[in-house]
Amino acid sequence: MAAAYDRLAELKAFDETKAGVKGLADAGITDLPRFFHAPPHLLHGSPAAPADDPSYVFPIIDLDGAWEDPDKRNRIVGEIREASANWGFFHVVNHGVPARVVDEMKAGAHRFFELDVKQKKEYFGRDMTKKVVYNTNFDLYSSPAANWRDTILFHMAPNPPEPEQLPTCCREIVTEFSKEMLNLGDVLFQLLSEALGLRSNHLKEIGCLEGMDTAYNYYPVCPEPELTLGATQHTDTGFITVLAQDDIGGLQVLHRNRWVDVPPMSQGLVVNLGTLLQCKPRFVQVMSNDKFTSVEHRVVLKGAEPRVSAISFFGIGYTLNTRLYGPVEELLSEDNPPKYKKTTIKDLVAHAYKQGLDGTSFLHHLKLMD
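Residues numbered from 1 in each chain as written. Predicted model: local features only at pLDDT ≥ 70, side-chain atom pairs only at ≥ 80, totals over all residues. Heavy atoms only, no water.

Chemist: So what's going on with the side chain of S312? Residues and values would help.
Modeler: You can see S312 is positioned in strand β12 (residues 307–314). For S312, a relative accessible area of 0% translates into the label buried. A polar contact of 3.2 Å, which involves the side chain of S312, links it to the side chain of T214. Not counting residues within four places of it along the chain, the set of residues in contact with S312 comprises F177, M181, M212, D213, T214, I240, T241 and V242. (Helix = DSSP H or I, 4+ residues; strand = E, 2+ residues; numbered from the N terminus. Buried < 20%, exposed > 50% of the residue type's maximum accessible area, 1.4 Å probe, protein only. Polar contact = N/O pair within 3.5 Å; in protein donor to acceptor, adjacent residues only side chain to side chain. Contact = heavy atoms within 4.5 Å.)

Here it is, written out as structure tokens:
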């Protein structure tokens, strides 16, 4: 008789190696451990978008001239409003972040994850309040299936780590990239404020730029990519996320119930709205009170080389900010009353960590009764 499958024991044994999925790939495994096997509805629940349908072309927004030319700025704000309302995702180009910084940031991801396990273990842990944390799947023990992905997270704002707390192999570039992301975040929040019909500094003034985490994700080549995912479909919990991806591909967004590939762009950056700025019938956006829409996203595994991405999450970090966030008062009226209760970032993130990345329960508990 076959021994009973002890999933928790296998998870613990894997976690205790502190070698991550990179360690499994380096060991040359040919059979994917069972706890990585994703349920069929997550693998095959929605079809791919038709390649020849122009309504599924991922939006690209050129930020060139946003400050010098009022007409261009109006166009950009309009494009952001449309993309935020219909997609919740868009590419930005001519965003002001130097190409050298973007390229070196992605190279830094390879340098860190290709370190010896002994060197990476120094940063391993599951206390997500630490300034620097490396692990495999923050929700490893609560998700229905593990994702084929290792991550190192840096809490960069409002109180960044001391330089010596950052890995030597990527210390300078993580610091420089994070500064560039804070500058870009300032620009994006101004444009999003205007897209909502608010003053340019509104989102900044209520704290959207206060907390920022920067992360590297690493997806080794998977022996059975048809059985698992690099990231299960989900929505992010903060205000916005900015992503630099390499040319491997694999990021997909769910648009009109079909999966759309987000095409790699060497110097383009992907922007998506977190749940505090998004909405969808199954999800709850808060601050725009259902003015913007959202899509789930995921990462499928493809290619014969490891995939890396560099990400900045605005508002998702563990900050000392105890501000309650709810629908922006300037958007409310007798005809448009608030639809959601207020919440803190800390409580929102804690709920997400408890539930895992199933993407369906982040904010439903905030819904006000009609």
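On we go.
Chemist: Lay out the sheet that holds strand β4 (residues 150–157) in plain terms, naming residues and giving numbers.
Modeler: Spatial ordering of the open sheet is given by β1-β2-β10-β7-β12-β5-β4-β3, a layout of 8 strands whose pairing is mixed. What marks the edges here is a single partner per strand, and that holds for β1 (60–62) and β3 (132–135). Averaged over neighbouring strand pairs, the angle between their axes works out to 25° when direction is ignored. Bridging between strand β5 (residues 212–219) and β12 involves 8 bridges; their strand directions are antiparallel. Residue pairing in the sheet places D213 in a bridge with F313 of β12. Along the sheet, helix α4 (residues 70–86) makes contact with β1, β2 (89–93) and β10 (269–273), crossing β1 at roughly 160°. (Pairing = 2+ DSSP bridges. Axes fitted to C-alpha atoms, helices over the stretch in contact; angles between N-to-C directions.)

Chemist: Tell me about the packing of aromatic side chains, residues and numbers included.
Modeler: Counted under the stated rule, the structure contains 15 aromatic pairs. With a centroid separation of 5.0 Å and an interplanar angle of 85°, the aromatic rings of F112 and F113 are classed as edge-to-face. The pair formed by F112 and F113 is uniform in burial state, with each residue classed as buried. Taken together, a centroid distance of 5.0 Å and an interplanar angle of 25° make the contact between F113 and Y218 stacked. Here Y218 lies in strand β5 and F113 lies in helix α5 (residues 99–113), a separation of 105 residues in the sequence. For the pair formed by F113 and Y218, the shared burial category is buried. Three or more aromatic residues joined by ring pairs make a cluster, and in this case those are F112, F113, Y123, F124, Y134 and Y218. (Phe/Tyr/Trp six-rings, centres within 6.5 Å; stacked < 30°, edge-to-face > 60°.)

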